[in-house]
Amino acid sequence: MEEPQAIDSEVLAKLPHGSRVSITNHGTSLWARTARLDIVKLDGTQMAYFLKTSFGALGRDMTASEFHCMARLRAAAPDLVPAAIAYGTYAETPDAHFLLCEFRRMSGEVPTAEVLAVKIAALHRCSGGGGGSSRFGSDVPTFHGNVRVDHGWSDSWEEYFARTTRVLLEREMEAQGSNEEIKSMVTPFFDKVIPRLLRPLETAGRSIQPTLIHGDLWHGNTEMDAETGQPIIFDAASFYAHNEYELGVWRQPWNKIGEAYREEYHKHFPKSQPEEDCDDRQALYAVRVNILDSILYKDDPSYREMLITGMRELVNKYPGSFEE
């Protein structure tokens, strides 16, 4: 059994003064060490915290990103998101970095479609505004696993999506190696498919509002709170996006959050216009998820295969670009 982590003085400084503190290993993570802190305050009150420890420059950036993403989501939906308390660097181990959050005891169950979808739709409805500037993107880099995504800001969703997806596809080719079919589809994908599916959202009198999304809402990033019986979401990679982008990962065959959740979501958040493009827009968003997964899991060929299949289907379906 792994030995419990020591409690660094920088972490102790974020806890109520004078508390008695104990630590136990809790949960698993591919990118960090995780633990539960139990404290007894001077007045006898008991509290619990969740501590995540990462290492190196990458770990420092991942920790800061998760803190800011979770804090933004928490401000929009406090009942859905555990509170992010603090983040920082260990005093005794300068190469180690921590994220401290409230501890929520989870049931181990994935929320049902009826329970989760209504909460996500509510989050999307109340969190628009693009940081007060009605723009798409973020000033906070996010991480898909340990894959960094730099967003920046864009005035249009099409420009944001094309700009950042092109960078990610280039990184996928670097990670996986060159592929002739992908190279042959790059031009039609960016010059025809993306304009055809995204430009209608913001032309002909139509518009969409930038919405704060979780950004990586698969079944491993949500559970039921064992005490409240309500869903909670965590490990966010949030940015301001078209709300339907959230549903791209809900199309993945490995995700327990699937079609039933998408259908339930649209009962509470109507499909963007033109409605007839909705399914193919989400297929486009799923391609970007596959790009990220192909970078992250470069030794598993299935993610690149899903990426190629998704690109091919869209390129073949939309040989023409957007027309006014």
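Above: the structure in question.
Residues numbered from 1 in each chain as written. Predicted model: local features only at pLDDT ≥ 70, side-chain atom pairs only at ≥ 80, totals over all residues. Heavy atoms only, no water.

Student: How would you summarise the pairing of strand E5 (residues 96-102) if you had to cite specific residues and measurements?
Tutor: Burial of E5 is extensive: six of the seven residues sit out of reach of the surface. Where strand E3 (residues 46-55) meets E5, seven bridges bridge the pair, whose relative direction is antiparallel. Its bridge partner lying in E5, Thr 53 is registered against Phe 98. Bridging between strand E4 (residues 84-89) and E5 involves five bridges; their strand directions are antiparallel. Across the sheet, the residue bridging to Tyr 87 is Leu 99, located in E5. Between E4 and the antiparallel strand that follows it, E5, lie six residues. (Buried < 20%, exposed > 50% of the residue type's maximum accessible area, 1.4 Å probe, protein only. Helix = DSSP H or I, 4+ residues; strand = E, 2+ residues; numbered from the N terminus. Pairing = 2+ DSSP bridges.)

Student: Please provide a residue-by-residue account of the environment of Arg 105, values included.
Tutor: Position of Arg 105 relative to the elements: it lies in the loop between E5 and helix H3 (113-126). Classification of Arg 105 by relative accessible area gives partly exposed; the value is 44%. Linking Arg 105 and Leu 307, residues 202 residues apart in sequence, is a C-alpha distance of 36 Å.

Student: Give me the lowdown on the pattern of salt bridges, citing residues and values where you can.
Tutor: Summed over all chains, the structure comprises 22 salt bridges. The shortest N-O distance in the salt bridge between Arg 36 and Asp 38 comes to 2.9 Å. Asp 38 gets classed as partly exposed once you look at its relative accessible area, which sits at 25%. In this structure, the salt-bridge partner of Asp 139 is Arg 72, at a minimum N-O distance of 2.7 Å. On the criterion of sequence distance, the pair formed by Asp 139 in the loop between strand E6 (136-138) and strand E7 (142-144) and Arg 72 in helix H2 (residues 56-76) is long-range, its members being 67 residues apart. (Salt bridge = Lys/Arg side-chain N within 4 Å of Asp/Glu carboxyl O.)

Student: Can you tell me about the packing of helix H4 (residues 157-176) against helix H8 (residues 301-317), naming the residues and giving the values?
Tutor: At a minimum axis distance of 12 Å, the contact between H4 and H8 shows a crossing angle of 140 degrees. Taken together, the axes of H4 and H8 are oblique relative to one another. Note that H4 runs across H8; the crossing there is left-handed. Two secondary-structure elements touch here, H4 through Leu 169, Glu 172, Met 173 and Gln 176 and H8 through Arg 304, Leu 307 and Met 311. Split into classes, the residues belonging to the contact of H4 with H8 amount to four nonpolar, one polar and two charged. (Axes fitted to C-alpha atoms, helices over the stretch in contact; angles between N-to-C directions. Parallel < 35°, antiparallel > 145°, perpendicular 65-115°, else oblique. Left-handed = near helix turned anticlockwise from the far one by under 90°. Contact = heavy atoms within 4.5 Å. Nonpolar A, V, L, I, M, F, W, Y, C, P; charged D, E, K, R; others polar.)

Student: Would you mind going over helix H7 (residues 278-296) in detail, with residue names and values included?
Tutor: Helix length check: H7 (19 residues) gives 27 Å between terminal C-alpha atoms against 27 Å at 1.5 Å per residue, within 8%. Within H7, 18 of the 19 residues are buried, which leaves it mostly tucked inside the rest of the structure. (Expected span 1.5 Å × (residues − 1).)

Student: Explain empty space enclosed by the protein to me, and be specific about the residues and the numbers.
Tutor: One pass over the full model with this rule turns up one cavity of 30 Å³ or more. Roughly 170 Å³ of volume is contained in the largest cavity. Of all the secondary-structure elements, those providing two or more residues to the lining of the largest cavity are E7 and H7. (1 Å grid on protein atoms, 1.4 Å probe; cavity = no way out; pocket = protein on both sides within 12 Å on 5 of 7 lines; lining within 4 Å. Points joined across faces, edges and corners; volume = space filled by probe spheres on them.)

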